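For reference, the chains in residue letters:
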Amino acid sequence: MTVADVDREICAAAWSGPGHEPGAVAPPVFQTSLFTKPTFAEFARQQAAEHENFVYSRGTNPTVAFLERQLALLERGEAAKCFASGMGAIAAVLGGLLRSGDHVLFVNNVYGPTLELARHLGRLGVEHSVVTEPGADVASHLRENTALVYVESPGTMLMRLVDLRSLTAVARRRGILTAIDNTWATPLFQKPLELGVDLVIHSLTKYVGGHSDVVGGAVVGSAELVREVFYRGHQLFGAVMSAMEASLVLRGLRTLPVRMEQHQENALRVVDHLLAHPAVAAVHHPYATLGPDHDLVRSQLSGFSGLLSLELRDASFAAVSRFVDALRVFRIGVSWGGYESLVSSPVRADNAERLAADGVPPGLVRLSVGLEGTRVQVDDLDRALAAV
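Residues numbered from 1 in each chain as written. Predicted model: local features only at pLDDT ≥ 70, side-chain atom pairs only at ≥ 80, totals over all residues. Heavy atoms only, no water.

## Regarding the nonpolar core
Right, on to step 1. Leu67, Leu274 and Phe323 are the most contacted members of the largest nonpolar core, which has 87 residues in total.
Right, on to step 2. Sequence-distant contacts of Leu67, that is, excluding residues within four places in its chain, are made with Cys82, Leu204, Met241, Ala246, Val249, Leu250 and Leu253.
Right, on to step 3. Residues Val126, Leu148, Val226 and Val229 belong to the second largest nonpolar core, which totals 27 residues. (Core = buried A, V, L, I, M, F, W, Y, C linked by side-chain atoms within 4.5 Å. Buried < 20%, exposed > 50% of the residue type's maximum accessible area, 1.4 Å probe, protein only. Contact = heavy atoms within 4.5 Å.)

## Here's the deal with the packing of aromatic side chains
Right, on to step 1. Scanning the entire structure with this criterion turns up eight aromatic pairs.
Right, on to step 2. When the centroid spacing of 5.0 Å and the interplanar angle of 65° are considered together, the rings of Trp15 and Phe66 count as edge-to-face. In this pair, Trp15 sits in the loop between α1 (3–11) and α2 (40–47) while Phe66 sits in helix α3 (residues 62–75), placing the two residues 51 residues apart along the sequence. Just as Trp15 is buried, Phe66 falls in that class too.
Right, on to step 3. Among the aromatic residues, those joined into a cluster by ring pairs are Trp15, Phe30 and Phe66.
Right, on to step 4. When the ring centre of Trp336 is taken as reference, the NZ or CZ atom of Lys206 above it lies at 5.6 Å. (Phe/Tyr/Trp six-rings, centres within 6.5 Å; stacked < 30°, edge-to-face > 60°. Helix = DSSP H or I, 4+ residues; strand = E, 2+ residues; numbered from the N terminus. Lys NZ or Arg CZ within 6 Å of the ring centre and 35° of its normal.)

## So, the packing of helix α4 (residues 86–97) against helix α5 (residues 112–121)
Right, on to step 1. Taken N-terminus to C-terminus, the directions of α4 and α5 make an angle of 35°; their axes are 11 Å apart at the nearest point. In the packing of α4 onto α5, the handedness of the crossing is right-handed. Contacts between α4 and α5 involve Met87, Ile90, Ala91 and Leu94 from the first element and Pro113, Thr114, Leu117 and Leu121 from the second.
Right, on to step 2. Across the contact of α4 with α5, the residue classes break down as seven nonpolar, one polar and no charged. (Axes fitted to C-alpha atoms, helices over the stretch in contact; angles between N-to-C directions. Left-handed = near helix turned anticlockwise from the far one by under 90°. Nonpolar A, V, L, I, M, F, W, Y, C, P; charged D, E, K, R; others polar.)

## What about unusual backbone geometry?
Right, on to step 1. Along the chain, Ser153 connects to Pro154 via a cis peptide bond; the corresponding omega equals -5°.
Right, on to step 2. Assignment of secondary structure puts Pro154 in the loop between β4 (146–152) and α6 (164–173).
Right, on to step 3. Backbone geometry at Arg76 places phi at a positive 65°, although glycine is not the residue there.
Right, on to step 4. Locating Arg76 in the fold gives a position in the loop between α3 and β1 (79–83).

## Let's talk about α4
Right, on to step 1. Here α4 contains twelve residues, and its C-alpha end-to-end distance of 17 Å stays within 8% of the 16 Å for a straight helix at 1.5 Å per residue.
Right, on to step 2. Within α4, burial applies to Gly86, Gly88, Ala89, Ile90, Ala92, Val93, Leu94, Gly96 and Leu97.
Right, on to step 3. Capping the start of α4 is the job of one residue whose side-chain oxygen sits 3.4 Å from the backbone nitrogen of Met87: Ser85. (Expected span 1.5 Å × (residues − 1). Polar contact = N/O pair within 3.5 Å; in protein donor to acceptor, adjacent residues only side chain to side chain.)

## So, the sheet that holds strand β8 (residues 280–284)
Right, on to step 1. An order of β8-β9-β12-β11-β10 is seen for the five strands of this open sheet, with the pairing classed as mixed. Two strands in the sheet have a free side with no partner beyond their single neighbour: β8 and β10 (331–332).
Right, on to step 2. Here four bridges tie β8 to strand β9 (residues 307–312), and the two strands are oriented antiparallel to one another. Across the sheet, the residue bridging to Ala282 is Glu311, located in β9. (Pairing = 2+ DSSP bridges.)

## Here we look at the sheet that holds strand β7 (residues 217–221)
Right, on to step 1. The sheet built from seven strands is open, its strands ordered β1-β7-β6-β5-β4-β2-β3 with mixed pairing. Of all strands in the sheet, those with a lone pairing partner are β1 and β3 (127–131), marking the two edges. Averaged over neighbouring strand pairs, the angle between their axes works out to 20° when direction is ignored.
Right, on to step 2. Examined bridge by bridge, strand β2 (residues 103–107) and β3 share five bridges and lie parallel to one another. Residue pairing across strands places Leu105 opposite Ser129, the latter belonging to β3.
Right, on to step 3. α3 rests against β1, β6 (199–203) and β7 of the sheet, and its axis sits at about 130° to β1.
Right, on to step 4. Helix-sheet contacts for α4 involve β1, β2, β4, β5 (177–181), β6 and β7, and the interaxial angle to β6 is about 150°.

## Concerning the pattern of salt bridges
Right, on to step 1. For the structure shown, the criterion picks out 13 salt bridges.
Right, on to step 2. One salt bridge in this structure joins Arg8 and Glu261, with 2.3 Å as the shortest N-O distance. One end of the pair, Arg8, is in helix α1; the other, Glu261, is in helix α9 (residues 243–275), and 253 residues separate them in sequence.
Right, on to step 3. On the basis of relative accessibility, which here comes to 44%, the residue Glu261 falls in the partly exposed class.
Right, on to step 4. Overlapping salt bridges bring together Asp7, Arg76 and Lys191 as one network. (Salt bridge = Lys/Arg side-chain N within 4 Å of Asp/Glu carboxyl O.)

## Focus on empty space enclosed by the protein
Right, on to step 1. One pass over the full model with this rule turns up one cavity of 30 Å³ or more.
Right, on to step 2. Along its surface, the largest cavity is lined by Ser57, Arg58, Gly59, Thr60, Asn61, Val64, Glu68, Lys81, Cys82, His234, Val240 and Met241.
Right, on to step 3. Residue assignment for the lining of the largest cavity shows that the elements contributing at least two residues are α3 and β1.
Right, on to step 4. Residues that form the lining of the largest cavity fall into these classes: four nonpolar, five polar and three charged. (1 Å grid on protein atoms, 1.4 Å probe; cavity = no way out; pocket = protein on both sides within 12 Å on 5 of 7 lines; lining within 4 Å. Points joined across faces, edges and corners; volume = space filled by probe spheres on them.)

Right, here's the structure in full:
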């Protein structure tokens, strides 16, 4: 069987936990806050290892646990822990694993709220620095107190790739943990644990959920690390995924391979069209910037998602506003990964200097290419580009 075949089987796996009703095609929702035990001794035993026993749904729940098992299998990890949001997962990793006096190095363009959280942790004695230059020498940015290297690849906004094998090899020689936000690629198109990364983080709100009706996050890695995240970052911070949310993510997981194939097909056609358009200065997507046969692409990605960005030749706020407002199929909104195509931009009337400092080009617009079909998507983009 191919990797894709194995992943499809994992996504479509039948429920195999407690409470199975013969013939039921969807996992049951264990909508309960607690689980009683037959004896006090059994209660004490299970509470002492709450990461693997159903005691209280703030810790573990059968529906959530089934989702965690499937995500771990998809990422080729030993264990996973789900959270109420992607930021809940990120906060559990940073807040649960770092101590006062530690330093975390962020590599590539990283999700803005993640960096906001890092700045907040500075009040508690956790230092951080950021390196966004393509091909930067990560080793030269490490410090004696660096405890974690956190990377996004492809990165936020510009979708640039980082050589994960090289990065993790450098960190491993220094005994430094590595974590990656793998939301862009999903577990289907990139498997960072096999490239040496210690922890993989997902916003399940995006492609895995896939229907814009659930918010969630996950951390996947070794059983030892995930257990540490569970007790220090999940139990104490309380970003709990409910059984109902887990059931919605499981629904999305079942169609993830089919949806990602269509997202990819639509996105690559949109990229090709935008690359040839005279009003577009650049397109940022691994397929556009490196090509499908680039060594780094072929060694890390087995496919492409539908999130990309473009630069308008007229990079003014007024031009960006005209372009965005003229779109009809691409609707204005945050997030991405659902059926609908979405558009957003970091450009504001008064933030040019800040964007430049962050390495974000002027006139940048982010597109999430949905599943409506490339004909209507391309027509919509052409109409909006004409308005610029």
